[in-house]
Amino acid sequence: MRLLRKHLCAVALSVCAVSTASAAPLVEPTLHLKPQAGGSGRVAVTLDACGGQTDPRILSALVDNRIPATIFVTGIWLKRNAAAVEIMRAHPDLFELENHGGRHVPAVDTPQKIYGIRSAGSPDAVLAEVESGATALAGTGEPAPKWFRGATAEYSPSAIAMIRKLGFKVAGFSINGDGGSLLGARETARRIAAAKDGDVIIAHINQPTHAAGEGVVQGLLALKQKGLTFVRLDHADGIGNDGTTD
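Residues numbered from 1 in each chain as written. Predicted model: local features only at pLDDT ≥ 70, side-chain atom pairs only at ≥ 80, totals over all residues. Heavy atoms only, no water.

Draft legend 1. Just the layout of surface pockets, in detail. Roughly 410 Å³ of internal volume is contained in the largest pocket. Around the largest pocket sit 22 residues that line it, and Tyr115, Thr152, Gly179, Gly180 and His204 are the ones nearest its centre. Of the residues belonging to the lining of the largest pocket, the class tally is seven nonpolar, twelve polar and three charged. If you add up the space inside the second largest pocket, you get close to 190 Å³. Lining the second largest pocket are 13 residues, and of these Glu96, Glu142, Pro143, Arg232 and Asp234 sit closest to its centre. Here the lining of the second largest pocket gets four residues from one element, more than from any other, and that element is strand β4 (residues 95–99). Residue composition of the lining of the second largest pocket, grouped by class: six nonpolar, no polar and seven charged. (1 Å grid on protein atoms, 1.4 Å probe; cavity = no way out; pocket = protein on both sides within 12 Å on 5 of 7 lines; lining within 4 Å. Points joined across faces, edges and corners; volume = space filled by probe spheres on them. Nonpolar A, V, L, I, M, F, W, Y, C, P; charged D, E, K, R; others polar. Helix = DSSP H or I, 4+ residues; strand = E, 2+ residues; numbered from the N terminus.)

As structure tokens, this is what we get:
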């Protein structure tokens, strides 16, 4: 692992040198499900558990309505939400837990702020964020994660290359359901309910006091009423851009 880390950092530094010279912007990757012939369509629900607590409205709705979801968890959230983790582990047919990093630090290997959050800032720090998230998940007894989503869902291209070399796919999305859990219930519900075949929805399950949580529930129930099928990322072929899945 130490040799791999040195190799990845060397690769990242060389990419950073090129990127710095050309002022490469950050990327916010998209992700879609591969189209499926027949049926009423498939969508993937991906919910970020960044820090904080668990929104019982969303968790209960997923369990009660048998809606599968991929939950991106941080090491911080795992430490604070043992009861919610047990509920998810008790329903392995519904929940897939994936890597959202150890400390919820943006996977950007140059020093800057994204939405007010300080980036990892170096190749070593990006690797530490990804690896510590995977280690935290391993401590729950869950299968090893296959997907990674960084804080803010924005990345430097060189960080994406490093994460892919570690064996993770990088999870983008096609519908921003709750605007970082800052939208109201009505707008959140409208966005999610507008999902169509192949869409990957991102929203949050760690803000129980935000109005957006109610909108997440309403939107998901609207999709269920339309007859769409919900799938987890580990049960579907996700197609991302910016080198995130290929």
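After that view, the rundown keeps rolling.
Draft legend 2. Spotlight on the packing of helix α2 (residues 56–64) against helix α8 (residues 212–226). In the contact formed by α2 and α8, the axes pass within 8 Å of each other and the chain directions differ by 20°. Of the possible angle classes, the one that applies to α2 and α8 is roughly parallel. As α2 runs across α8, the sense of the crossing is left-handed. On α8, the residues that touch Arg57, Ile58, Ala61 and Leu62 of α2 are Gly213, Glu214, Val216, Val217 and Leu220. (Axes fitted to C-alpha atoms, helices over the stretch in contact; angles between N-to-C directions. Parallel < 35°, antiparallel > 145°, perpendicular 65-115°, else oblique. Left-handed = near helix turned anticlockwise from the far one by under 90°. Contact = heavy atoms within 4.5 Å.)

Draft legend 3. Summary view of α2. Three or more residues of α2 are buried, namely Ile58, Leu59, Ala61, Leu62 and Val63. Residues of α2 that are buried sit in contact with β2 (42–49), β3 (69–73), α4 (82–89), β4, β10 (200–204) and α8. One or two positions beyond α2, positive phi appears at arginine 66, with a value near 55°. (Buried < 20%, exposed > 50% of the residue type's maximum accessible area, 1.4 Å probe, protein only.)

Draft legend 4. Broad picture of the nonpolar core. Among the nonpolar cores identified, the biggest contains 34 residues, and Leu47, Leu62, Ile71 and Ile205 are the most heavily contacted of them. Elements with a contribution of two residues or more to this core: β2, α2, β3, α3 (75–80), α4, β4, β10 and α8. Among the elements that make up this core, the one with the highest residue count is α2 (five residues). In this structure, Val27, Val105, Tyr155 and Leu166 belong to the second largest nonpolar core, which totals 17 residues. (Core = buried A, V, L, I, M, F, W, Y, C linked by side-chain atoms within 4.5 Å.)

Draft legend 5. View of unusual backbone geometry. Here the phi dihedral of histidine 104 falls at roughly 60°; this positive angle occurs in a residue that is not glycine. Counting through the fold element by element, histidine 104 comes out in the loop between β4 and β5 (113–114). Phi angles above zero are rare outside glycine, and aspartate 242 is one such case at about 55°. Topologically, aspartate 242 is positioned in the segment after β12 (238–240).

Draft legend 6. Expanded view of α4. Where α4 is concerned, the buried positions are Ala84, Val85 and Met88. Angular distribution of buried residues about the axis of α4 spans 100°; they occupy a single face of the element. Exposed positions of α4 whose direction lies more than 90 degrees from the buried face are Ala82 and Ala83. Tucked into the core, α4 has its buried residues touching α2, β3, α3 and β4. (Arc of directions from axis to C-beta.)

Draft legend 7. Summary view of the packing of helix α7 (residues 185–193) against α8. The geometry of α7 relative to α8 is characterised by a closest axis approach of 7 Å and an angle of 30° between their N-to-C directions. The angle between α7 and α8 falls in the class roughly parallel. Between α7 and α8 lies a crossing of right-handed hand. Across the interface between the two elements, Ala185, Thr188, Ala189, Ile192 and Ala193 of α7 pack against Ala212, Glu214, Gly215, Val216, Gln218, Gly219, Leu220, Ala222, Leu223 and Lys226 of α8.

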